[in-house]
Amino acid sequence: MDFDLAREIMVDSQIRPNDVTDPAIVAAFLRTPREEFVPSSRRSVAYSEMEIETAPGRSLWTPRDTAKLIKMAQIKPTDVVLVIAAGSGYEAALISHLADTVIALEDKAGLVDAMSTRFAELGLDRIAPVEGKMAEGLAEQAPFDVIYVCGMVETLPEAWGAQLSDGGRLVAVVGDDGRLGRGKVFTKAGDTLSSRDGFDACPPRLVEFDRKPAFTF
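What you see is a predicted model, and the numbers here were worked out from it, not measured in a lab.

## Topic: the pattern of salt bridges
Okay, step 1: Inspection of the entire model under this criterion finds 15 salt bridges.
Okay, step 2: Measuring nitrogen to oxygen at the nearest pair gives 3.2 Å for the salt bridge that ties Lys108 to Asp107.
Okay, step 3: Sharing partners across several salt bridges, the network here consists of Arg58, Glu106, Asp107, Lys108 and Glu208.

Structure, rendered in C-alpha cells:
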C-alpha cells in the first residue's frame, strides 16, 4: 500500500474540506505517518475516516476531529504542550511539528515505553513520554502553553486549568453522558478560564473523566 499517497488523500478529502487549511497544520499531517501509530493489523485502514483502537481505552480519532481540535489550540512554535492520554502518540507527534516541546502523558508504563521506541524510530526528538496520573497533569513541568486532551471527557480536573500559563489554552471535546460532544477551547486569564465552543464531535471517551452519578431517592 502506498501510505504517502493515502496520507495526501486523507488531507485533501478529510482535513482541508473541514476548514483546516493552515499550512503548518496541513504539513504536520503530511509529515506524520499515521500507519506507524496503529496496530499492524489496522495499517491498511490507517487513513480511513474512522476511529481506530490502539490500546484498551485508547483510540485514534477521525483525522477530521483531530485536525479541528489542533486548529482550536492555536499552537505557536514557541509553545510547550502537554498531551493528556497520549495513547500511541499520534497527536503528540503531530503537535511536535507545530510546538517547541511536547510532553506526552500516560498512566500505563507499557504505553510510555512504546511511545519512546516509536518516537526514536521516527526521529521525533521534541517529545518526552511521561508516566503519571492523568487527572493530576504534570505540575513539576508546568506551566504549559497548551494542554491537549486525547479523548472525550465529561469533567475537567482543576489541576489542568491550574497548570496553564497566562493566556494558555486547554482544548478538549466535552460531552455529556457519552452523547455528542463539543470541541472547546478554554483560555486562561489570571485565575479564570473562559471557554469557546468549536465543533460537534463524538470521539472515543476517556471513562476516567465521566461525571459521577448523583444519588437520588
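## Remarks on the pairing of strand 5 (residues 127–131)
Successive residues of a regular strand alternate their side chains across the two faces of the sheet.
Okay, step 1: Sheet topology note: the strand 4 (residues 101–106)/strand 5 ladder contains 5 bridges and is parallel. For Glu106, the partnering residue across the bridge sits in strand 5 and is Glu131.
Okay, step 2: Assessed by its sense of winding, the connection that carries the chain from strand 4 through helix 5 (residues 109–122) to strand 5 is right-handed.

## Brief notes about the sheet that holds strand 5
Okay, step 1: Across the sheet, 7 strands lie side by side as 5-4-3-6-7-8-9; this open sheet has mixed pairing. Both outer strands of the open sheet, strand 5 and strand 9 (192–201), are each paired with one neighbouring strand and no more. Taking each pair of neighbouring strands and ignoring which way they run, the sheet shows an average axis angle of 15 degrees.
Okay, step 2: Both strand 3 (residues 80–84) and strand 4 contribute to a ladder of 5 bridges, which runs parallel. Directly across from Leu82, in strand 4, lies its bridge partner Ile103.
Okay, step 3: Sitting on the sheet, helix 3 (residues 63–73) touches strand 6 (144–149), strand 7 (164–174), strand 8 (181–189) and strand 9, and the angle it makes with strand 9 is about 155 degrees.
Okay, step 4: Across the sheet, helix 5 is in contact with strand 4 and strand 5; its angle to strand 5 comes to roughly 165 degrees.

## Here's the deal with the side chain of Thr66
Okay, step 1: As for its placement among the helices and strands, Thr66 is situated in helix 3.
Okay, step 2: Not counting residues up to four positions away in its chain, the partners in contact with Thr66 are Phe29, Trp61, Glu91, Leu94 and Tyr148.

## A look at the environment of Arg196
Okay, step 1: Within the secondary structure, Arg196 sits in strand 9.
Okay, step 2: Placed 25 residues apart in sequence, Arg196 and Val171 show a C-alpha to C-alpha distance of 9.8 Å.
Okay, step 3: Ignoring any residue separated from it by four or fewer positions in sequence, one finds Arg196 in contact with Met72, Gly183, Lys184 and Val185.

How each quantity is defined
- Residues numbered from 1 in each chain as written.
- Predicted model: local features only at pLDDT ≥ 70, side-chain atom pairs only at ≥ 80, totals over all residues.
- Heavy atoms only, no water.
- Salt bridge = Lys/Arg side-chain N within 4 Å of Asp/Glu carboxyl O.
- Pairing = 2+ DSSP bridges.
- Helix = DSSP H or I, 4+ residues; strand = E, 2+ residues; numbered from the N terminus.
- Right-handed = clockwise from strand over helix to strand, strands pointing away.
- Axes fitted to C-alpha atoms, helices over the stretch in contact; angles between N-to-C directions.
- Contact = heavy atoms within 4.5 Å.

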